[in-house]
Amino acid sequence: LAPDAGAFFFFVFVMFCTLLAAQSLVLLISAIVPNFGAGNGLGSALFALMFLFCGFFIVRADIPGWWIWMHWLSIFKYPLEADMQNQFLHTGAYNVCDDGI
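About the cut-offs
Residues numbered from 1 in each chain as written. Predicted model: local features only at pLDDT ≥ 70, side-chain atom pairs only at ≥ 80, totals over all residues. Heavy atoms only, no water. Helix = DSSP H or I, 4+ residues; strand = E, 2+ residues; numbered from the N terminus. Contact = heavy atoms within 4.5 Å. Axes fitted to C-alpha atoms, helices over the stretch in contact; angles between N-to-C directions. Left-handed = near helix turned anticlockwise from the far one by under 90°. Nonpolar A, V, L, I, M, F, W, Y, C, P; charged D, E, K, R; others polar. Phe/Tyr/Trp six-rings, centres within 6.5 Å; stacked < 30°, edge-to-face > 60°. Buried < 20%, exposed > 50% of the residue type's maximum accessible area, 1.4 Å probe, protein only. Patch = residues over 30% accessible without salt bridge, like charges linked within 9 Å, V, L, I, M, F, W, Y side chains within 5 Å. Areas by Shrake-Rupley, 256 points an atom, 1.4 Å probe, with all protein chains shown as cover. Salt bridge = Lys/Arg side-chain N within 4 Å of Asp/Glu carboxyl O. Expected span 1.5 Å × (residues − 1). Arc of directions from axis to C-beta. Core = buried A, V, L, I, M, F, W, Y, C linked by side-chain atoms within 4.5 Å.

Right, let's talk about the overall build of the protein chain for a bit. On a plain count of helices and strands, the protein chain comes out with four helices and zero strands. Mapped from its N terminus to its C terminus, the protein chain presents α and β elements in the order α-α-α-α. Summarising the internal contacts of the protein chain: among those between residues at least 6 apart in sequence, 51% fall at separations of at least 24.

Below, the discussion takes up the packing of helix α1 (residues 5-32) against helix α2 (residues 36-52). Relative orientation of the contacting elements α1 and α2 amounts to 145 degrees, with a least axis distance of 10 Å. When the axes of α1 and α2 are compared, the crossing they make is right-handed. Only Gly39, Leu42, Gly43, Leu46, Phe47 and Met50 of α2 make contact with α1, whose side of the interface consists of Ala22, Leu25, Val26 and Ile29. Across the contact of α1 with α2, the residue classes break down as eight nonpolar, two polar and no charged.

For the rest of this paragraph, the subject is the packing of aromatic side chains. Taken as a whole and judged by the stated rule, the model has five aromatic pairs. Centroid distance tryptophan 67 to tryptophan 69: 5.9 Å. Interplanar angle 20 degrees. Geometry classified as stacked. Here tryptophan 67 falls in the partly exposed class, since its relative accessible area comes to 28%.

Right, let's get into the environment of phenylalanine 76. Following the sequence through the fold, phenylalanine 76 ends up in the loop between α3 (68-73) and α4 (77-91). What makes phenylalanine 76 buried here is its relative accessible area of 13%. Residues phenylalanine 76 and methionine 15, spaced 61 residues apart in sequence, show a C-alpha to C-alpha distance of 10.0 Å. Residues within four places of phenylalanine 76 in sequence aside, it is in contact with Thr18, Phe47, Met50, Phe51 and Cys54.

Here we take up a nonpolar patch on the surface. Taken together, the side chains of Phe51, Leu52, Phe56 and Phe57 present a nonpolar region at the surface, about 440 Å² in accessible area. On the secondary structure map, phenylalanine 57 appears in the loop between α2 and α3.

Turning our attention to α2. When the terminal C-alpha atoms of α2 are compared, their 24 Å separation across 17 residues agrees well with the 24 Å that a helix rising 1.5 Å per residue should span. Within the sequence span of α2, burial applies to Gly39, Gly43, Phe47 and Met50. For α2, the angular spread of the buried residues around the axis is 55 degrees, confining them to a single face. The inward-facing, buried residues of α2 abut α1 and α3.

What follows covers the nonpolar core. In terms of nonpolar packing, the biggest core is built from 13 residues, with Leu25, Phe47, Met50, Ile75 and Phe76 touching the most fellow members. Elements represented by at least two residues in this core include exactly α1 and α2. The dominant element in this core, judged by the number of residues it contributes, is α1, at three residues. Once residues lying within four places of it in the same chain are set aside, the contact partners of phenylalanine 47 are Ala22, Leu25, Val26, Ile75 and Phe76.

Have a look at this one:
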């Protein structure tokens, strides 16, 4: 990562906020779903879809039109984007990274 204290603490802050968002989503699922097995399955499926469509595995331009809403609702899209900007702005290589995600 970028050898800067500000970049490191921004990274830690972004990861902490992502943890809070994911934990809140799991608590919401556990409050809605009646039993452990269904909640575990629903949570796993939802997080897998969010990981798939966040922009790391599939670039936004390659996501089919009927699935693009999942890209914008993914709780991992915004931390990934923030951490990429944090890293590449500090290293001076930001022009290498396109606006693909």
